[in-house]
Each structure stands twice: as structure tokens, then as C-alpha cells.
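For reference, the chains in residue letters:
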Amino acid sequence: MKSAIIFLALFFASCHSIHLSFENKFNSKIRISDESVIKNAASMFYGIGAISGGGATSKLLQNYPQNQRDQILDYLFLPNFGASLHMLKVEIGGDSQSTEGTEASHMHHSWDLNYNRGYEWWLMKEAKKRNPNITLYGLPWAFPGWVGNGTSSPYNYPSLTAKYVLKWVQGAKDYHNLTIDYLGIWNERAYDVEYVRLLRAVLDHAGFKNIRLVVGDGDWGPAHDVLNDPQFAAATFALGAHYPGTLSSDEAKRTGKPLWASEDFSTFNDDIGSGCWARILNRNFVDGGMTSSIAWNLVAAYYDNLPFPRCSLMTANEPWSGHYEVTGPLWMTAHTSQFALPGWYYLPVGGGSGRLPSGGSYVGLTDSNTKQLTIIFETMSHDHSECIRPSLPPYTVKPQNVTIKLAGAFASITQLYYWKSVLSYKKGDSSTYFVKQSPLQVKSGQLTLFLDVDVVVTLSTVATATKGQRSQPPPSKPFPLPYSDNFQNYQPGSNPLNLVPQAGFFEAVKLSGGASEVSAQPQALCQVVTLATLNWCPLRLTSPYTVMGNWSDISVSASVLVPSVNSTTGIFVAARIDQGGCGAFQAKGLFLWLFPASNQYAVTNDLAQTKKIKGGSFVYGYDAWVKLTLTLQSGKYTAKIGNQTVANSETLPGSTPSTGFAVVH
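Each value, and the rule that gives it
Residues numbered from 1 in each chain as written. Predicted model: local features only at pLDDT ≥ 70, side-chain atom pairs only at ≥ 80, totals over all residues. Heavy atoms only, no water. Core = buried A, V, L, I, M, F, W, Y, C linked by side-chain atoms within 4.5 Å. Buried < 20%, exposed > 50% of the residue type's maximum accessible area, 1.4 Å probe, protein only. Domains from an automatic or database assignment. Contact = heavy atoms within 4.5 Å. Helix = DSSP H or I, 4+ residues; strand = E, 2+ residues; numbered from the N terminus. Pairing = 2+ DSSP bridges. Axes fitted to C-alpha atoms, helices over the stretch in contact; angles between N-to-C directions. Buried area = accessible area lost by both parts, 1.4 Å probe. Salt bridge = Lys/Arg side-chain N within 4 Å of Asp/Glu carboxyl O. Disulfide = S-S within 2.5 Å. Expected span 1.5 Å × (residues − 1). Arc of directions from axis to C-beta. Polar contact = N/O pair within 3.5 Å; in protein donor to acceptor, adjacent residues only side chain to side chain. Phe/Tyr/Trp six-rings, centres within 6.5 Å; stacked < 30°, edge-to-face > 60°. Lys NZ or Arg CZ within 6 Å of the ring centre and 35° of its normal. Parallel < 35°, antiparallel > 145°, perpendicular 65-115°, else oblique. Left-handed = near helix turned anticlockwise from the far one by under 90°. Nonpolar A, V, L, I, M, F, W, Y, C, P; charged D, E, K, R; others polar.

Quick word on the nonpolar core
Thinking step 1. Counting 171 residues, the largest nonpolar core has Phe77, Leu88, Leu183 and Trp260 as the members making the most contacts within it.
Thinking step 2. Here this core spans two domains, and each of domain 1 (29-460) and domain 2 (500-664) adds at least three residues to it.
Thinking step 3. With residues near it in sequence (within four places) discarded, Leu88 still touches Ala50, Ser52, Phe77, Leu123, Met124, Ala127, Ile134, Thr135, Leu136, Tyr137 and Leu298.
Thinking step 4. In terms of nonpolar packing, the next biggest core, distinct from the first, is built from 21 residues, Leu373, Phe377, Val402 and Phe410 among them.

Some points on unusual backbone geometry
Among all residues save glycine, negative phi is the norm, and among peptide bonds the norm is trans.
Thinking step 1. Residue Asn297 is bonded to the preceding Trp296 through a cis peptide linkage, with omega at 5 degrees.
Thinking step 2. Tracing the backbone shows Asn297 in the loop between β11 (290-296) and β12 (299-300).
Thinking step 3. Each neighbour pair has its own omega, and for Arg389 with Pro390 the value is -15 degrees, a cis peptide bond.
Thinking step 4. Located in the positive-phi region is Ser634, a residue other than glycine, with phi close to 55 degrees.

Some thoughts on the sheet that holds β11
Thinking step 1. Reading around the circumference, β4-β5-β6-β7-β8-β9-β10-β11 is the order of the eight strands in this closed barrel, with parallel pairing throughout.
Thinking step 2. Sheet analysis places strand β8 (residues 212-218) next to strand β9 (residues 238-242), joined by four bridges and oriented parallel. Directly across from Gly218, in β9, lies its bridge partner Ala241.
Thinking step 3. Strands β4 (47-52), β5 (87-92) and β6 (135-140) of the sheet are contacted by helix α2 (residues 120-130), whose axis makes an angle of about 170 degrees with β5.

Some words on the side chain of Arg200
Thinking step 1. Position of Arg200 relative to the elements: it lies in helix α5 (residues 193-205).
Thinking step 2. Excluding its chain neighbours within four sequence positions, the residues that come into contact with Arg200 are Phe208, Lys209, Ile211, Arg212, Leu213 and Ala235.

Observations regarding the domain arrangement of the protein chain
Thinking step 1. Looking at the assigned domains, one finds that the protein chain contains domain 1 (29-460) and domain 2 (500-664).
Thinking step 2. Taking the mean C-alpha position of each, domain 1 and domain 2 sit 39 Å from one another.
Thinking step 3. Contact with domain 1, which involves 36 residues of that partner, is made by 28 residues of domain 2.
Thinking step 4. Roughly 2,300 Å² of surface becomes buried between domain 1 and domain 2 when both sides are summed, with 60% attributable to carbon and sulfur atoms.
Thinking step 5. Considering only the surface of domain 1 that becomes buried against domain 2, Gln97, Tyr303 and Asn305 emerge as the three largest contributors, covering 26% of it.

Description of the pattern of salt bridges
Thinking step 1. As enumerated under the stated definition, the model contains 17 salt bridges in all.
Thinking step 2. Residue Glu378 pairs with Arg283 through a salt bridge whose shortest N-O separation is 2.7 Å. Remark: Arg283 occurs in helix α9 (residues 271-288) and Glu378 occurs in strand β18 (residues 373-378); sequence separation between them is 95 residues.
Thinking step 3. What you see here is one network of salt bridges that share partners, running through Asp70, Asp74, Glu126, Lys129, Arg130 and Arg470.

Observations concerning the state of the cysteines
Thinking step 1. Enumeration over the complete set of coordinates arrives at two disulfides.
Thinking step 2. Shown here is the disulfide that connects Cys276 with Cys387, its sulfur atoms set 2.0 Å apart. In this structure, the disulfide formed by Cys276 and Cys387 twists by about 100 degrees around the S-S bond and is classed as right-handed. Pair noted here: Cys276 is in helix α9 and Cys387 is in the loop between β18 and β19 (400-408), with a separation of 111 residues, a long-range link.
Thinking step 3. Look at Cys387 and you get buried, because its relative accessible area is 12%.

Focus on α5
Thinking step 1. A rise of 1.5 Å per residue sets the reference length of α5, with its 13 residues, at 18 Å; its end C-alpha atoms lie 19 Å apart and thus fit the reference within 8%.
Thinking step 2. Along α5, the residues that are buried comprise Val193, Tyr195, Val196, Leu199, Arg200 and Leu203. Looking straight down α5, one finds that the buried residues subtend no more than 165 degrees of arc, so they occupy a single side.
Thinking step 3. Where the residues of α5 are buried, they touch α4 (158-176), β7 (182-183), β8, α6 (222-228) and α7 (230-235).
Thinking step 4. The backbone nitrogen of Glu194 lies 3.2 Å from a side-chain oxygen of the residue at the head of α5, namely Asp192.
Thinking step 5. At the C-terminal side of α5, Gly207 shows a positive phi close to 90 degrees.

Focus: the pairing of strand β13 (residues 314-318)
Thinking step 1. In terms of residue burial, β13 counts as a mostly covered element, since five of its five residues are buried.
Thinking step 2. Of the strand pairs in this sheet, β13 and strand β14 (residues 323-326) are connected by three bridges, and their pairing is antiparallel. Among the inter-strand pairings, Met314 is bridged to a residue of β14, identified as Val326.
Thinking step 3. Where β13 hands over to β14, the hairpin turn is made up of four residues, of which Gly322 adopts a positive phi near 85 degrees.

Some details on the packing of aromatic side chains
Thinking step 1. Scanning the entire structure with this criterion turns up 38 aromatic pairs.
Thinking step 2. Both rings, one in Trp419 and one in Phe434, keep their centres 4.4 Å apart while their planes meet at 25 degrees; by these two values the pair is stacked. Of this pair, Trp419 sits in strand β20 (residues 415-422) while Phe434 sits in strand β21 (residues 432-436); the two residues are 15 residues apart in sequence, bridging distant segments of the chain.
Thinking step 3. The exposure class assigned to Phe434 is buried, which follows from its relative accessible area of 0%.
Thinking step 4. Linked through ring pairs, Tyr75, Phe81, Tyr324, Trp331, Phe339, Trp419 and Phe434 together constitute an aromatic cluster.
Thinking step 5. Here the basic side chain of Arg389 rests over the ring of Tyr243, its NZ or CZ set 4.5 Å away from the ring centre.

Notes on the environment of Asp429
Thinking step 1. Topologically, Asp429 is positioned in the loop between β20 and β21.
Thinking step 2. Judged by relative accessible area, which is 45%, Asp429 ranks as partly exposed.
Thinking step 3. A sequence separation of 194 residues divides Asp429 from Ala235, and the C-alpha atoms of the two residues are 52 Å apart.

Let's talk about the packing of α4 against α5
Thinking step 1. Between α4 and α5, the shortest axis-to-axis distance is 10 Å and the interhelical angle comes to 45 degrees. The pairing of α4 with α5 is recorded here as oblique in orientation. With respect to the hand of their crossing, α4 and α5 are arranged in right-handed fashion. Taken together, the residues of α5 that come into contact with α4 (itself represented by Pro158, Ser159, Thr161, Ala162, Val165 and Leu166) are Tyr195, Leu198, Leu199, Val202 and Leu203.
Thinking step 2. Its residues placed into classes, the contact of α4 with α5 shows nine nonpolar, two polar and no charged.

Focus on the environment of Gly53
Thinking step 1. Note on placement: Gly53 falls in the loop between β4 and α1 (66-77).
Thinking step 2. According to the relative accessible area criterion, Gly53 is buried, its value standing at 0%.
Thinking step 3. Residues Gly53 and Leu298, spaced 245 residues apart in sequence, show a C-alpha to C-alpha distance of 8.6 Å.
Thinking step 4. Not counting the four nearest positions on each side in its chain, Gly53 is found in contact with Glu91, Glu103, Glu120, Trp141 and Trp296.

Regarding the sheet that holds β12
Thinking step 1. Read from one edge to the other, the open sheet built from three strands follows the order β12-β13-β14, with strand pairing classed as mixed. The open sheet terminates on both sides in strands that have one partner only, identified here as β12 and β14.
Thinking step 2. Where β12 meets β13, two bridges bridge the pair, whose relative direction is parallel. Within the sheet, the bridge partner assigned to Val299 lies in β13 and is Met314.
Thinking step 3. Along the sheet, α1 makes contact with β12, β13 and β14, crossing β14 at roughly 15 degrees.

Dropping the structure here:
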């Protein structure tokens, strides 16, 4: 075990000064020189945030029973209760797959405006209801095809793109009374200098000078243009990087701009995920000077068999049962978010923040008047804090004593509130999260703290923190069957709550003419994306479909109509589909297809139709309703179109997955 002494001093002067030194019982010493506390934009704390989007990560949340839904939202947003987030970052939906599914655009076409599509508006309002001071950040992952005007880039016609983003901002304000604080450019894709300048000018002209642009949302590349282009620098408020591995570039630091980890974490929310988040929350500042860290994602409200299951602060993917799970990363967030507010300042590395001599790190934060002090320690070991990305170089952490010396403005502090999380990875042991300890007494400006490996400790003058708790959620249950939906109870333009689009977008529409008469229903579900989108996923998904559940034996049926105008080439129902997300085009399962133009049907083992099992003729007339049914039971399958059985088999093809989604196209 090693000991260390930290001298933390803050003096009243034009520049505040902080002294730190370390000394262990083996007489090894680390002396940290004085550093000024510079109160500028680059050292200001902008808060801890989380992302809804990228994409469809919050899809199932809105369908929860109100009691449980409110509890989940309280855990995420209510100050001094749970994660108590300072920032909510949302996807500006683009009608295209963006990780877990497709989020609806507010403008499917240039003449179309609908500010009730999707759930991000609702989520932002719920966040504001709980914390009026939470900041809002919008970012596109993809764009509707019309924005590119026949091209594959949103930058070829920058005025169209700027107009599109402006309309989203205006809709937030005019229809939902939401003030957007930050905007990004294009998630993890190239930025364009001219477009950034234009977007800044368009926002200013429309009266949105308050909105700040976070440029990059990928790597630190924009720093070069900030240093060399004064107009671009003036348009850029902050540089945002994704999964920076706690490091920023030298160029980024030289800009003097706020540096953010504008997307980070993305790791399964078990104890190792908790260790990952705790480590990078501290070290993003200590190693990289980043003053805001934003987790992907906010809440895992999507099916577990989609990509990156439960890579979130908490899990809520069973609206039918009301079950949800408050997980460790949420409480790791609280170690910072409940003890510091945006507008506070980080104490500089070497002057109140830094690495611990026996492994781990600490950060200090103070309010603008230097009346409050918060220090967060983490001693996460390598193997217990690896994030999903990037790779983590090896390092060691040992138990250690830390003696903290407070001086200057902090010398009068006599007590620090003490909160602790202990992560245990031994079989049979359980971790403890965010537990309030007895306050630590400060004597003559000094106190000593023992830090074991894999712990997080917050010491603070802030007395308002709590570990909030709502009533126990209901137990987990499978998706209930039988399940049916005739889509009559949805507002036009809305997406059914249990269906998660993977390509294209499906929304409730009013029927007219013959379609309404034949169906005897005034409304139906319609795939509404008719132009190729400007995608975030590397490959275009040309067969729109929407998924739900996870079953083995299942019967899936849908009454479908193909219009004679803007018609699709093929429609299908499917079962045991094994993939969604950007890899959805590789999906395998069992598919029943109907091709109206050729009056053919097919049964295939994959979405790409490369593994055909059976096919034949079936006469279908456009603008007519027909029922497709696919039943899998006890290793057998039956396919029906209308009342006609077109295929059946006593055995399933060997490549058919054992379980998977039910799918409608």
C-alpha cells in the first residue's frame, strides 16, 4: 500500500493558485507546480449528458405505463435524484437507419412539415419538465433524400441543408416551446467549412444567435481549420470528438475552444461498463482537457437482439411488463452530476486535478465564486473498466492513501460530504453504488482518505445529493401473445410504439378512395420514404421493414395493399429475423414475399433473396388488400397468401435462425 499527500490550495488574487504534491511512505515524491485557475470557456464545465438517438435508442420508452415511465424519467433527469443529467443530446431524425433503427424526419419532403413525428420532442419536454436548466443538443445522423437534391451529400446544396436544420430548430421553439442550445453538423461524417459558416449565418439571421455549433462529432480534424480560418473559428463554439480514448490532439488544445467527448461510453451497462464510464468521466478532462462527456446512450429502450444491447445508463425495453433496470453507469454519472453544475470550472491538471501516483485519477471542480468544492476520485483497474472502444493500453492500480491539504479559499472548510461506489468482480460479491458515508472532518485544512482498487469517491461541500429511489418496478415478462394492431388509435404521422423501423419509415396514414372502402378502416400503416436517403450507415438498405419481439415458434400475418403509384417492388412478412441495424441487409430468417409487378411469390432464407427456398405464380392486382401469413411451429413452416397455402414444409432450412424478430415490410 502506498501513501500520498495532495496539497490543494486556492488563493484570493487576480489569478487563483493551486499547489499539489504527493509523498508515499517509501519517500517517493511527486511535486506538482502551481497552476492558475483560468476561468474561461475552455476550462468551464459544460455538464454530463447522454444521447437519445443514433438511432431509435429510446423507441420503446414512450409506450411504458405512465407510472413506470415517470419513474424512469426521474432517474435520468430529476436533479439530485439519479443521473441528474445536465444535457440531453437527440437525433434530428433523417428517415434512415442510424444504429438501432430509423428515426422519422420532420420533413420527409421539401413541402412536408410535421413536428409531431417521433418521440424526441416528447423526451426533450419531459427532461425540461424535470430540470428546466437542462441543455438541449441536436445532431443529424442522416438526411432525407431531397436535401441532397439528387446527390448523396448534404453539402452539395448547403442552403437546402441549412434550411432543413433551421426548420427543426424553429419547430422545437414554435410547436414545443423548446430552446435548442447546441447543434452538431453530421454525426461521424465529414464536416464542410462552407456549410458550417452558412449554417451559422442562417441561424443568426433567423434570430437563433444563442445556438452554439459543436463541430466534428467524429474526430479532432476540425481543429486544423479553426486554427487557420478565422470565419470558421468564429462559427465554431466547441470541438466534439467521439470515443477519444480520453485524449485530444495538440491542435485541438491550441484552438482554445471547449473540447468535448460529444459521444462516449457505448458499453454494456454491467459493472465493467460502470468502471468504463467512471474512468473516462474523470480522465477525459485529466488526459484530454475535455469539459463535457456525453454517453451513448441514454436508456436502452430497444430490443436486446438489436446491435449494442444495453449500452446505456439504464435499461427500459419491456413496456408490456413495465419492468426496467437502474444500472451502475447511472450512479457513476451521479458522482459528478449531483455535485457540480454547468458553469463551474475544472481545477487544472497539476493544480487540483491529475493522475494518482499509484493509479487512478482525480478531478476538482469549483463554482464561479470558489465557494464550493467537489473532488471526484476513481481507481478503476484496467480489466474492470475497458470500454467497447477504443482499445485501452495496459496499466496498474494499487491501494493507496491520499492525504488532501486544503488551503487558500478552501482552508476554512471543516467538513466534506462523502459518497462512495465499490465495484466488486469476485464471484458471489456484489457491487455497491453511490452510498452516502459519514462526512469527513477536515482538521487544519487536511484529511486522509484510503482508496482501494475499483472505487469511486466524491468529496464535496455540496449537501443536496441523494440516491433517489422509486417503487420497485414490475417483474420482467416475455412479450405477450397473441398481439395485433389495426393502427386506428394513432395520430396520423406517428409510428406504432412496439414496431421499430430498420429501413424506411412506417407511420399511420389516413386512407382515401378505394383503399379505405376495401379495408373498412379509415387508417393504416404506410411506408412513407420514397427517395433514397443521405445515409449514415455505409450501405443503402433498399428493402424497408420494421421489427418487433423475439420469438421461435410464431405466426406472423399482415393485410397489405400495394398502390399503383409509387409502388414497392415486393412486400413480405418474416419470422426469426436475426439482424437489425446497419447490418440489416444481411438479415437471415424465413421470408414470405409477394412481387406485384410480376405476379410472383417466393419463400427465402434471407432479405437479399439469395437463398430461395420456393417460388411460383400468384396473381395480385394493385390497390387491393391481401393477407400474408407465415407460421413457424415445431420445426415446420406454412406460408399463405390470402386463403391459399403457397408453401409448407415439415422441416425448416438449416440456416434458419432459432429465434428472431417478427417483421413486416
